[in-house]
Amino acid sequence: MTPETCRVFLHLTESGNLTATAQALGYTQSGVSHILKTLEEECGLPLMIRGRKGARLTPAGEELLPYFRSLCRAEEALLEQAQSLRGLEQGRLRVGSVPSLSACLLPRLLGQLRRRHPGIQVQLRHGEYKELEQWLLEGELDCAFLAPPVSPRLAARLLLEDRIVAVLPQGHPLACQEKITGQQLRAQPFIRFEEGWDTEIRDALAAMDLQPEEVLTVQDDYAILSMVEHGLGVSVLPELILTTHPYQVEVRELDPPARRQMAFAWRKEETPLPALTAFRRVVEGITPSL
């Protein structure tokens, strides 16, 4: 008994006609008759009654019919899973991220993905949040790390939440404070991101009613840290960036406190590619430990 012979049997139960089943499935009538006879011998039971008006199920055939269907569905599921695995062997995943996340968290996530599915090729694209969301909506990315809220056309999973903190040169007069207010930062030379790359930073500064004196505007987190280290000014950055940095700086909490959220997002309306499903499993498995 094979999935193919079961498929012939199921078609025959639906059509009730050996000739019609043979024509639909590419067999001869005698071939269909032989398959039915073989199945009956294997089961040790008559499965169909053949008559002038066609073939119909016996009571035993009626009883066993769900099991024939289950066998065919199991084969279909196996083939689908095999196809998915073949897709993972040759898959491509286009990921969008901001540079800070790429430096601090993505190596861990992509390392897990590589160990589980070494055949998946990852293309990483950097941009600011609005750009990333638009690229994702337009199909240029398969998934992206975004600041919520996201478009209703996207599904999203909260990835992390971390503090936004003040970053000062070592020995700076404000380093003696446990918390730094907007009024204290207002008088300091300030190094910040270019507009569009710092949505959560601007929100934090607005909550502090702070419009700092800007002396440098850049796009790179680590360039900001280096400039702060060399005494060119102070800054405000997400704390995650500071977990792997080699720079000698002072870090203090803001007053009022500020936090940012990061979400992992993908398009809702599409059946996800196997590579995206695999990466989602990695993200879902690693986030509880963040």
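Residues numbered from 1 in each chain as written. Predicted model: local features only at pLDDT ≥ 70, side-chain atom pairs only at ≥ 80, totals over all residues. Heavy atoms only, no water.

A.B. asks: I'd love a proper account of the packing of aromatic side chains, names of residues and values included.
C.D. replies: Tallied over the full model, the rule gives six aromatic pairs. When the ring of F145 is compared with that of F264, the centres are 5.2 Å apart and the planes differ by 45 degrees; the resulting orientation is tilted. One end of the pair, F145, is in strand β5 (residues 143–146); the other, F264, is in strand β11 (residues 249–267), with 119 residues separating them in the sequence. With centroids separated by 5.7 Å and ring planes inclined at 45 degrees, the aromatic side chains of F264 and W266 adopt a geometry described as tilted. By relative accessible area, which is 1% here, F264 ends up buried. Joined through ring pairs, the aromatic side chains of F145, F264, W266 and F279 make up one cluster. The ring of W135 has R125 sitting right over it, with the charged end atom 3.6 Å from the ring centre. (Phe/Tyr/Trp six-rings, centres within 6.5 Å; stacked < 30°, edge-to-face > 60°. Helix = DSSP H or I, 4+ residues; strand = E, 2+ residues; numbered from the N terminus. Buried < 20%, exposed > 50% of the residue type's maximum accessible area, 1.4 Å probe, protein only. Lys NZ or Arg CZ within 6 Å of the ring centre and 35° of its normal.)

A.B. asks: Describe the pattern of salt bridges, listing the residues and the values that go with them.
C.D. replies: On inspection of all chains with the given rule, the structure shows 10 salt bridges. Across the salt bridge formed by R163 and E239, the nearest N and O atoms sit 2.7 Å from each other. Taken together, the residues R163 in strand β6 (residues 154–169) and E239 in the loop between β10 (235–238) and β11 connect sequence positions 76 residues apart. Taking relative accessible area as the criterion, R163 reaches 26% and is therefore assigned partly exposed. Its relative accessible area of 26% is what places E239 among the partly exposed residues. Note that E250 and R252 form a salt bridge whose closest N and O atoms lie 3.3 Å from each other. (Salt bridge = Lys/Arg side-chain N within 4 Å of Asp/Glu carboxyl O.)

A.B. asks: Could you give an account of the environment of E128, with specific residues and numbers?
C.D. replies: By secondary structure assignment, the location of E128 is in the loop between β4 (121–126) and α7 (129–137). For E128, a relative accessible area of 14% translates into the label buried. Considered as a pair, E128 and G171 are 43 residues apart in the sequence and their alpha carbons are 33 Å apart.

A.B. asks: Help me get a handle on the state of the cysteines, residues and values and all.
C.D. replies: One covalent bond between the sulfur atoms of two cysteine residues makes up a disulfide. Under the counting rule described, the total for this entry stands at zero disulfides. Of all cysteine sulfurs in the structure, the one in C72 sits closest to C6, which takes part in no disulfide; the separation is 5.2 Å. (Disulfide = S-S within 2.5 Å.)

A.B. asks: Lay out the nonpolar core in plain terms, naming residues and giving numbers.
C.D. replies: Among the nonpolar cores identified, the biggest contains 66 residues, and L93, L101, L109, F145, L185 and F279 are the most heavily contacted of them. In terms of residue count, β6 provides more of this core than any other element does, nine residues in total. In terms of nonpolar packing, the next biggest core, distinct from the first, is built from 18 residues, C6, L12, L47 and A55 among them. (Core = buried A, V, L, I, M, F, W, Y, C linked by side-chain atoms within 4.5 Å.)

A.B. asks: Lay out the pairing of strand β3 (residues 92–97) with the relevant residues and their values.
C.D. replies: Most of β3 sits inside the fold, with five of its six residues counted as buried. Taken together, the six bridges between β3 and β4 define a ladder with parallel strand orientation. Note on β4: the bridge partner recorded for R92 is Q121. In the sheet, β3 pairs with β5 via two bridges, with the strands oriented parallel. By the bridge assignment for β5, V95 is matched with C143. (Pairing = 2+ DSSP bridges.)

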